[in-house]
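Okay, here's what each chain looks like letter by letter:
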Amino acid sequence: MTDRTIELRFSLDVHPLEAIKRAAYRLSGHGTFDISLDGRDALVSVSVKQDLEDRALPQLVSQFKSEVLDADLRMSISAETEGLRNTILSHVFSKTGLTNNE
Amino acid sequence: MSKFQSLRVFETPLDDGYKLLPSRFSKLNDDEYVLTNLVGEHLILSRDNLESYVRHELRPSSDLYSDLKSKHFLMDEDSNVAIDLLVLKWRTKLSRLADFTGLHMFVASLRCEHSCPYCQVSRQSEDREKYDMSIKVANRALKLVFRSPSPAIKIEFQGGEPLLNFEIIRYVVEQAEELNKDAGRDLAFVIATNLALITDDILAFCREHNVLISTSLDGPEDLHNKNRPRPGNDSYRRAVDGIERVRGALGRDQVSALMTTTEASLSYPVEIIDEYIRRGFNAIFLRPLSPYGFAIKTKWYGAYNAERWLKFYFEGLDYILKLNKSGYFFVEQFAATILAKMLTPFEPGYVDLMSPAGIGIGAVVYNYDGDVYASDEGRMLAEMGSDKFRLGNVITDTYEDIFLSDALLDPLEESFADSAPMCHECAFQPYCGSDPVFHYATQGDYVGHKPTSEFCNRNMAIFKHLIELMKDPETKRIFQGWVH
């Protein structure tokens, strides 16, 4: 760890890797996120961007952890509602001639 | 038989509990989240409540449960009508798509007698032959206009300064009216002009053919003249005199004005709004500069960032709300466009805030030389050397060639917000757009990198600000008055 980089460890039994990736993408305007695997853990090396001050790192880390939890919650909604969403979409377009009847 | 269901129905969880309906959430502030459904209805929740909702831990007797149920975020055995209502509302939101292109812009001339350093269309100062639309091009463009299935067709004359080629405006209006005798569309005309060259003859023509006028007014005299120089340094005087002449000839509401924010504007949001009030307008569109044309060449576009523009915008909006609270009805039009998406089932059809993007399918541009562009910004980009959004040419290509071209379909498909990274899970997506032209111009691809997209950052800040402001019931009433 340096003043501008910190390594975080997430258990993949708790946090899906996809949620970690989505959180990293969302914050990629503020820092870089190197993700690697160590058994059932994901290691994430978080660095603040060059043009930000050193003290931005703790805030970025805090935001990242929060975003991982949010991403996980979003994936829960998505997984549960995907079927309904497709049903609604198919009804929305049912009179347009765009849907395949087969 | 009782008219009402028993209390037990409302108190007891149903056997299957509740089902989540599709929704998205985003952080509103440090403590709260915004949750939106498929059609943009929203609720503000704490993190704990959000988690309880997603984990199926809410009690049916709670107020939150009722709120979530009434806004189609969840359904139970008692409310399976939610799906039908969502279908109906979503179909209403998308109904414009079936109409296809309604706005058809004709670049009558690229020439202009102004020399605005922020000109986004890269106007030319001479060579009438080269930069004016010909009758041949106009005829072919008109044929394409009436191929659009839209029941409402608006033809907007753009420039340069379109009045420098008024002959083609006269021709297009008369021909369009002739063609419309068979087509039977709801036909409207607008001239976007700086008004410096308006004459009584032109006004008489506009009155006869019900042509609306859209002009530019950047603020008080000093600021307007600085932003919009012309020989004689009298662009402001010509604009405000022109506005009065148009009103006198055509009627008070037949002229509207647009402003563009330059670096020099940033300190004067109140003065700019006051200028609009002095000129008798009841609305203003606080617009940032766009990254095209001379605005890039002269570096005026880069003179301020999104943060500075947002400060200007929020100060302006704050002042406008104070005016409304004191009893003076005055609208900020960008906010009103977003609020229409937030507070009504209708889609206002503002090209920049549409997904699929509004390019081509909401508006299309017929350039002076016959080239067809997917949007006004697309032709601005072309004047800078990129033909990325050129769909074809009215002389050489058919309607099918143009509107089924990869140059249109690729950016529409790639930038579709429902499948764009970050956008597809953003609570503000129902209010936002995909704007592939802006992202191509600033980031080099149709989708863009949303975490660093100025479009995304600026719009997200405005969406959050409007939702925060609506926590005040009086402000919410004012906003509802703007959209109903």
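This one's a predicted model, so the numbers in the text were calculated from it and none came from an experiment. (Residues numbered from 1 in each chain as written. Chains lettered and ligands numbered in written order. Predicted model: local features only at pLDDT ≥ 70, side-chain atom pairs only at ≥ 80, totals over all residues. Heavy atoms only, no water.)

S.K.: Describe the interface of chain A and chain B, and please don't skip the residues or the numbers.
M.R.: In many reports, interface size means the accessible area that the parts give up when they come together. The interface is formed by 24 residues belonging to chain A together with 34 residues belonging to chain B. Taking both partners together, chain A and chain B bury about 2,700 Å²; carbon and sulfur atoms supply 61% of that area. Taken together, the links from chain A to chain B amount to 5 salt bridges. When the shortest N-O distance is used, the salt bridge between R26 of chain A and E425 of chain B registers 3.3 Å. Across the contact surface, chain A and chain B share 15 residue pairs in polar contact (both at pLDDT 80 or more). Those elements giving two or more residues to the side of chain A that touches chain B turn out to be α1 (17-26) and α2 (56-92) of chain A. In terms of residue count, the dominant contributor to the side of chain A that touches chain B is α2 of chain A (16 residues). (Contact = heavy atoms within 4.5 Å. Buried area = accessible area lost by both parts, 1.4 Å probe. Salt bridge = Lys/Arg side-chain N within 4 Å of Asp/Glu carboxyl O. Polar contact = N/O pair within 3.5 Å; in protein donor to acceptor, adjacent residues only side chain to side chain. Helix = DSSP H or I, 4+ residues; strand = E, 2+ residues; numbered from the N terminus.)

S.K.: Give me the environment of L58 of chain B: which residues, what numbers.
M.R.: Residue and element names in this part refer to chain B. Along the polypeptide, L58 turns up in the loop between α2 (47-54) and α3 (63-70). The class of L58 is buried, set by a relative accessible area of 13%. Considering only alpha carbons, one finds L58 and G17, 41 residues apart in sequence, at a separation of 9.2 Å. Apart from the residues within four sequence positions on either side, L58 is in contact with Y18, S52, Y53, L64, Y65 and L68. (Buried < 20%, exposed > 50% of the residue type's maximum accessible area, 1.4 Å probe, protein only.)

S.K.: Outline the pattern of salt bridges, supporting the account with residue identities and numerical values.
M.R.: Tallied over the entire structure, the rule returns 36 salt bridges over all chains. A salt bridge links D132 of chain B to R111 of chain B; the nearest nitrogen and oxygen atoms lie 2.8 Å apart. In this pair, D132 of chain B is assigned in the loop between α5 (128-131) and α6 (135-145) and R111 of chain B in the loop between β6 (103-107) and α5, connecting sequence segments 21 residues apart. Among the residues examined, D132 of chain B registers a relative accessible area of 10% and is labelled buried. Through salt bridges with shared partners, a single ionic network connects E18, R22, R26 and E67 of chain A together with E425 of chain B.

S.K.: Tell me about the packing of aromatic side chains, and please be specific about residues and values.
M.R.: Scanning the model with the defined rule gives 25 aromatic pairs over all chains in all. Taking the centre distance of 5.7 Å and the plane angle of 65° together, the rings of F100 of chain B and F403 of chain B count as edge-to-face. A residue pair is termed long-range when its members are at least 10 positions apart, and F100 of chain B in the loop between α4 (81-99) and β6 and F403 of chain B in helix α16 (residues 399-403) qualify at 303 residues. Judged by its relative accessible area of 22%, F100 of chain B falls in the partly exposed class. Between the NZ or CZ atom of R74 of chain A and the centre of the ring of F25 of chain B, over which it lies, the distance is 4.4 Å. For R247 of chain B, the ring lying beneath its charged end belongs to F281 of chain B, and the centroid distance is 4.6 Å. (Phe/Tyr/Trp six-rings, centres within 6.5 Å; stacked < 30°, edge-to-face > 60°. Lys NZ or Arg CZ within 6 Å of the ring centre and 35° of its normal.)

S.K.: Explain helix α10 (residues 235-250) of chain B residue by residue, including any values.
M.R.: Residues and elements named next belong to chain B. Taking 1.5 Å of rise per residue, the 16 residues of α10 would be expected to cover 22 Å, and the 22 Å separating its terminal C-alpha atoms lies within 8% of that figure. Among the residues making up α10, those that are buried are S235, Y236, A239, V240, G242, I243, V246, R247, A249 and L250. Looking at the buried side of α10, the elements it contacts are α8 (200-209), β9 (211-216), α9 (221-227), β10 (255-258) and α11 (269-278). Phi for G251, located one or two positions after α10, is positive at around 120°. (Expected span 1.5 Å × (residues − 1).)

S.K.: Mind laying out a nonpolar patch on the surface, listing which residues take part and the relevant values?
M.R.: Taken together, the side chains of V81, L85 and L88 of chain B define a hydrophobic patch exposed on the protein surface, amounting to about 240 Å² of accessible area. When you line up the elements, V81 of chain B lands in helix α4. (Patch = residues over 30% accessible without salt bridge, like charges linked within 9 Å, V, L, I, M, F, W, Y side chains within 5 Å. Areas by Shrake-Rupley, 256 points an atom, 1.4 Å probe, with all protein chains shown as cover.)

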